[in-house]
Amino acid sequence: MLLDDGPVRDAATKCSQQFGMNYQTLSICINSTAANNWEHEFAVQTYALNPTLQYVPWVTIGGVHTEDMEQKAEADLRGLICSYYQGPNKPPACGMAMKIKV
């Protein structure tokens, strides 16, 4: 994905500002060879889904997709992720109220 296109660049600039990120750093990362390799790997994983994706976004957690999960993701993605998190300590974001308007 190239961030040099007008509408994409404008959206990325606004988003990076909203999240307190440096746009130039983000642009360098996204336009890197590593990012291209990651995008390819995610595409390979997407095409290997079983059941195959029917629409986008197609939310999976632990390789599983359900309609209930999809509805919960649409209502509160962070809450869904935090409810499935099984690490020793939940990330601080799991205890935060949503501050960013989407």
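Whatever comes next refers back to the structure up there.
The notes below deal with the structure included here. The model shown is predicted, which means the values in this text are computed figures rather than measured ones.

Once that is clear, we can look at the overall build of the protein chain. Assigned secondary structure in the protein chain consists of four helices and zero strands. Counting from the amino terminus, the protein chain carries its helices and strands in the arrangement α-α-α-α. The buried share among the 102 residues of the protein chain stands at 14%. Of all intrachain contacts in the protein chain linking residues separated by at least 6 positions in sequence, the fraction that spans at least 24 positions is 18%. Of the roughly 8,100 Å² that the protein chain leaves accessible, carbon and sulfur atoms contribute 60%.

Per the counting criterion, the structure on display carries two salt bridges. Among the ionic pairs, Arg-9 bridges to Asp-10, the shortest N-O distance being 3.9 Å. For Arg-9, a relative accessible area of 33% translates into the label partly exposed. For Asp-68, the salt bridge identified is with Lys-72, shortest N-O distance 3.1 Å. Highlighted residues: Asp-68 and Lys-72, both in helix H4 (residues 67-84), separated by four residues, approximately one helical turn.

Attention now moves to the side chain of Ser-16. Topologically, Ser-16 is positioned in helix H1 (residues 6-18). On the basis of relative accessibility, which here comes to 2%, the residue Ser-16 falls in the buried class. Setting aside its immediate chain neighbours within four residues, Ser-16 contacts Met-21, Tyr-23 and Leu-26.

On to unusual backbone geometry, then. The residue after Asn-50, namely Pro-51, is reached through a cis peptide bond having omega 5°. Residue placement: Pro-51 occurs in the loop between helix H3 (33-47) and H4. In the segment running from Val-56 into Pro-57, the intervening peptide bond is cis, with an omega of 0°. Relative to the assigned elements, Pro-57 resides in the loop between H3 and H4.

Let us look at the state of the cysteines. Counted by the stated rule, this structure contains one disulfide. With a sulfur-sulfur separation of 1.9 Å, Cys-82 is cross-linked through a disulfide to Cys-94. One disulfide, between Cys-82 and Cys-94, carries an S-S torsion of -90° and so falls in the left-handed class. One end of the pair, Cys-82, is in helix H4; the other, Cys-94, is in the segment after H4, and 12 residues separate them in sequence.

Conventions and cut-offs
Residues numbered from 1 in each chain as written. Predicted model: local features only at pLDDT ≥ 70, side-chain atom pairs only at ≥ 80, totals over all residues. Heavy atoms only, no water. Helix = DSSP H or I, 4+ residues; strand = E, 2+ residues; numbered from the N terminus. Buried < 20%, exposed > 50% of the residue type's maximum accessible area, 1.4 Å probe, protein only. Contact = heavy atoms within 4.5 Å. Areas by Shrake-Rupley, 256 points an atom, 1.4 Å probe, with all protein chains shown as cover. Salt bridge = Lys/Arg side-chain N within 4 Å of Asp/Glu carboxyl O. Disulfide = S-S within 2.5 Å.

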